[in-house]
Every structure is written in C-alpha cells, then in structure tokens.
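Take a look at the letters that make up each chain.
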Amino acid sequence: MPPFSPAAVIARKRDGHVLHAHEIRDFISGFTAGTIPDYQMSALAMAILCRGMTTDEIASLTATMLHSGSILQWPADGPPPVDKHSTGGIGDKSSLILAPLLACCDLRVPMLSGRGLGATGGTLDKLESIPGFRTDLSIAEMQTVVNSVGCVITGACAELAPADKKLYALRDVTGTVPSLALITASIMSKKLAENPSALVLDVKWGSGAFMKTLADARALAHSLVATGRRMGVQTTALLTDMSQPNGRMVGNAVEVLEAVEMLQGGGPADLREITLALCVEVLVMTQRATDAPAASQILTGHLSSGRAYEKYCQMVAAQGGDPAARLTVAPAADVLAGESGYITACNAEQLGLAIIELGGGRKVQTDRLDHSTGLEILVRLGDRVERGQPLAKMFAPPDKAAHARELVQTSWTIGPERVAPPELIVERM
C-alpha cells in the first residue's frame, strides 16, 4: 500500500475515482486532529460535491465521522433507543411532540437537535422560549434524563461526532453545503452517535424546505436510508410536503404553544397527521405495534389521555424549564389580502425570512432571538380569500413590523382558479 498522501486523495476524487475506506478514514481523522489543514479539506469537500460518492464511500465517511467521538451507551435490558430527524422546514415542530409521545411507548428518545439554519427555525431555539430550559446538556446529563424520563431534546455536545462539527463549519464558508454525500454523513454521524436501534427520517421538499424539488428530496432520502441500514440501524424515511408551513404557527414560543396543544389532544390536522405517521414508523420498526393501525391507536390514546403532555412536562422540568410558565407572545396584528381569489401558491421560505426580520431568527450567528415574535397562518393552499381578509396574524413589536408585514403579505399568490391542496406525505422509503 503506498504512503498516505492527502493531495493524492484529493486528486483521485477530483478525477472521479472511488476512494478506499482507508483513504477516507485517514483523511478525516487527520483533518479532525489538525494534521491536515483546512485548505486540503476544502479541496476534498469541493471534489466530493462535484464528483459525488458511492453508497460505500458515504458509509465510510459516516463511520469515520461517527467514531471521531463518543457514542452513547444504553443498558441492554432497558427500552430501545430511537430517534427522528427532519431536514427542516417552516413551522416544523413535530420533534417537540414526537419525543415525549414515543417515550410513552416504552422507548428511549435521546434527541440531538439544532438551531435555525437559514429561513428554517431550529428546535433548540423554540425550546429556549421556555424559561430555564437547558439545551446544553452533557452526555452524562442526557443519559440521566433519558433514563429517568424517557426522552431528552438537547444540542450535540463536543464529544459527539466532533469531525462533523469541524467539517460543517468549513462547508458553510466554501460553498459545499449542498453536497448529498456530505449532507448524509453530517446528519447520520450525529444521529448514529445516539446509538439508536431505529431511526425515522422526515425529508421535506418544497418552497419552505432545503430541498426544493421532489427529485432532490428523494435522492437525499435514499442516501440517508441506505447509509442508516448499511450501519446496522433500522431506518425509514417519509417524503413530506413543505410548499406551505406545517401547522398554523411559525416562530418560537408560538410553535411551542401549538405543540402543547397537540400534546393535550388538539392541534391542526396536518401537524397531527405528519407527527403520528413518523411515530407509527418507529413503533412498527421496534415491534411496539404489529402494524400501522395498531400503532395509531396506541399513539392517539396517549394524546387523548393526557399522558403525552405529562411526559412533555416531565422532560421540560428535567431540563431546567418550567412547564407551567406562561410563554411571552408579542402583540398581534392582522396581515390582510390585497385582492380576492384563491390561494394558488405559498412562498414558505419568505415567511421564514419574515420571522428573521421580526427577530425570531438570526441574520448573524451572534444575534439574540426575540422568542415572542411569530405568525399564525390563517389560509391554506386552495382556500378562497376576499380582499381585506386576514391571511395571517403577526406577533411583533410595532417597531419591527413594517418590512416583515410586506414579506408576509406577498408570500401568497392569489389567482382566479382554485388549486388542489397538496398531498402531505408523498412517499415512504
């Protein structure tokens, strides 16, 4: 075997060759340790973006990034650990419901989540609208909460997949974020560090998602599922529509309130449909239910009985939050339709940008969030609206509302012909 040469590995991938597992391992390990400089890692990341990777290469990259740090360990005689990952979208709040709901089903849910990325909101940002809620738990604290309550939602600590943290920061400034191989390895290395026995993926597509087309979402879902199964984890994916926000609420505190509404047995139909579908996948994979109808019955029972909400309150308290605290929501004002007709399209990403303008998202990494701002969406695709009818309620301090109001109002296209509402769950993989 010839001596390892970072430049030779870069050149091989640049020329479209398949990298050997040891080449990937040595390169990523060297980059993580600091012996391979940023400029060489940047060059390899760009070569991967341009040339792609095979399933074998992606599995090797994922495994190397996974084993660059610690892997959570769970007692063999306890409930199996499981998790869900969403590629993110406007109003995507299912994690807040799914974690306590699955914990009611004799499962462990050690959920590592992130902050807002671009126009999409982050689960951790939403939870931090709860007074005292901690999202910076150590591995020991995570394990304590999971073993006592059944679920936790926290940020990834430095010991888990450190190679991914270092590589992601580099991708963000080198134009290599869209690489399918690098996206897959980034997501799966963090999720597999939780050591789950089953993983369900919510891969979104549409105007409010990272993947704008169904074809791109399908390709990502295939890559994620193939990698998970290759790494020995039961993995399924649902391809879901993000051509309009999930649920009614978009923001931080308002999304927590909507999640609580569902945990108490209510909530909008689309949020309920997608959350239950993801949970059903997990219950069937872990044999907590024999089939989808049986799983649905179990889940709806936990919601209607109040047990799921009780579990949520236990999780919030265990992470330092006050589940009884009244969340602060800014004053509301209506955003009105400028004409009559049917809602034919929604620029959901623009709604997310409006939240950023209101201070509910970040323009730069150091921005402090105003968790009280947000939107309540009052119309759906296919609805008939009249000029002057409210399209949304905007929760915002008056001094921040002007530009955001224009963004919200122009997020919808109003036309003369009714369009059919989109199918929410497009495909299972």
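Up top you'll find the structure we're talking about.
So, here's what we can say about the structure. Worth saying up front: this structure is predicted, and the values here are computed from it rather than measured.

A word on the overall build of the protein
At step 1: Scanning the protein for helices and strands turns up 16 helices and 13 strands.
At step 2: Taken over C-alpha atoms, the radius of gyration comes to 22 Å for the protein, in line with the 22 Å a tight globule of 429 residues would show.
At step 3: In terms of principal-axis extent, the alpha carbons of the protein reach across some 75 × 45 × 40 Å.
At step 4: Working note: accessible area of the protein is about 17300 Å², and carbon and sulfur atoms make up 54% of it.
At step 5: Where the 38 positive side-chain charges of the protein centre and where its 44 negative ones centre are 2 Å apart.

Notes on the sheet that holds strand β12 (residues 412-415)
Through backbone hydrogen bonds, the strands of a sheet pair up, either in parallel or in antiparallel fashion.
At step 1: Here 3 strands make up an open sheet; going across it, the order is β10-β8-β12 and the pairing antiparallel. Edge strands, defined here as strands with exactly one partner in the open sheet, are β10 (384-385) and β12.
At step 2: Pairing of strand β8 (residues 341-346) with β12 involves 4 bridges; the strand directions are antiparallel. Pairing of Ile343 across the sheet is with Ile414, part of β12.

Some details on the pattern of salt bridges
At step 1: With the rule as written, the count across this model stands at 25 salt bridges.
At step 2: Measuring nitrogen to oxygen at the nearest pair gives 2.6 Å for the salt bridge that ties Lys191 to Asp83. Of this pair, Lys191 sits in helix α9 (residues 180-192) while Asp83 sits in strand β1 (residues 82-86), placing them 108 residues apart in sequence.
At step 3: Since its relative accessible area comes to 4%, Lys191 is described here as buried.
At step 4: Asp334 serves as the salt-bridge partner of Lys393, at 3.1 Å between the closest nitrogen and oxygen. On the criterion of sequence distance, the pair formed by Lys393 in strand β11 (residues 390-395) and Asp334 in strand β7 (residues 332-336) is long-range, its members being 59 residues apart.
At step 5: Owing to a relative accessible area of 30%, Lys393 belongs among the partly exposed residues under this scheme.
At step 6: Accessibility expressed as a relative area gives 34% for Asp334, which makes it partly exposed.

Re the pairing of β8
Two faces belong to every sheet, and in a regular strand the side chains alternate between them.
At step 1: Where β8 lies against β10, 2 bridges are found, and the strand directions are antiparallel. Considered in β10, the bridge of Tyr342 is made with Arg384.

Side note on the sheet that holds β11
At step 1: Strand order across the open sheet formed by 4 strands is β6-β9-β11-β7, with antiparallel pairing between neighbours. In this open sheet, the two strands that pair with only one neighbour each are β6 (249-251) and β7. Each neighbouring strand pair of the sheet contributes to a mean axis angle of 25°, computed without reference to strand direction.
At step 2: Inspection of the sheet shows β7 paired to β11 by 5 bridges, in the antiparallel sense.

Quick word on the packing of aromatic side chains
At step 1: In this structure the tally under the stated criterion is 2 aromatic pairs.
At step 2: Ring centres of Phe4 and Phe27 lie 6.5 Å apart, and the angle between their planes is 80°; on these two criteria the pair is classed as edge-to-face. One end of the pair, Phe4, is in the segment before α1 (6-14); the other, Phe27, is in helix α2 (residues 21-33), and 23 residues separate them in sequence.
At step 3: Take Phe4: its relative accessible area is 33%, and that puts it in the partly exposed class.
At step 4: Measuring from ring centre to ring centre gives 6.1 Å for Tyr309 and Tyr312, while their planes differ by 25°; the resulting arrangement is stacked.

Some words on the packing of α2 against helix α3 (residues 38-51)
At step 1: Where α2 contacts α3, the two axes come as close as 10 Å, and the packing angle between them is 140°. Taken together, α2 and α3 sit at an angle that is classed as oblique. α3 is crossed by α2, and the crossing has left-handed handedness. Packed against α2, whose contacting residues are Phe27, Ile28 and Phe31, the element α3 presents Asp38, Gln40, Met41 and Leu44 at the interface.

Brief notes about the nonpolar core
Nonpolar side chains in soluble globular proteins tend to end up buried together.
At step 1: Formed by 80 residues in total, the largest nonpolar core has its most connected members in Leu102, Ile130, Val203, Leu283, Leu299 and Tyr312.
At step 2: At 10 residues, helix α12 (residues 269-285) tops the list of elements feeding residues into this core.
At step 3: Excluding residues within four positions of it along the chain, Val203 makes contact with Thr87, Ala217, Leu220, Ala221, Leu224, Ala237, Leu238, Leu239 and Thr240.
At step 4: The next biggest cluster of nonpolar side chains, apart from the first, holds 28 residues, and it includes Ala337, Ile377, Leu391 and Ala396.

Topic: the packing of helix α8 (residues 162-172) against α9
At step 1: Packing of α8 against α9 leaves a shortest axis separation of 10 Å and a crossing angle of 150°. One finds that α8 runs roughly antiparallel with respect to α9. Of the two elements, α8 crosses α9, and the hand of that crossing is left-handed. Between α8, through Asp164, Leu167, Tyr168 and Arg171, and α9, the contact on the second element is made entirely by Leu182, Ile183, Ser186, Ser189 and Lys190.
At step 2: Split by residue class, the contact of α8 with α9 holds 4 nonpolar, 2 polar and 3 charged.

Thresholds applied
Residues numbered from 1 in each chain as written. Predicted model: local features only at pLDDT ≥ 70, side-chain atom pairs only at ≥ 80, totals over all residues. Heavy atoms only, no water. Helix = DSSP H or I, 4+ residues; strand = E, 2+ residues; numbered from the N terminus. Rg over C-alpha atoms; globule rule 2.2 N^0.38 Å. Areas by Shrake-Rupley, 256 points an atom, 1.4 Å probe, with all protein chains shown as cover. Lys, Arg positive; Asp, Glu negative; His and termini not counted. Charge placed at Lys NZ, Arg CZ, Asp CG, Glu CD. Pairing = 2+ DSSP bridges. Salt bridge = Lys/Arg side-chain N within 4 Å of Asp/Glu carboxyl O. Buried < 20%, exposed > 50% of the residue type's maximum accessible area, 1.4 Å probe, protein only. Axes fitted to C-alpha atoms, helices over the stretch in contact; angles between N-to-C directions. Phe/Tyr/Trp six-rings, centres within 6.5 Å; stacked < 30°, edge-to-face > 60°. Parallel < 35°, antiparallel > 145°, perpendicular 65-115°, else oblique. Left-handed = near helix turned anticlockwise from the far one by under 90°. Contact = heavy atoms within 4.5 Å. Core = buried A, V, L, I, M, F, W, Y, C linked by side-chain atoms within 4.5 Å. Nonpolar A, V, L, I, M, F, W, Y, C, P; charged D, E, K, R; others polar.

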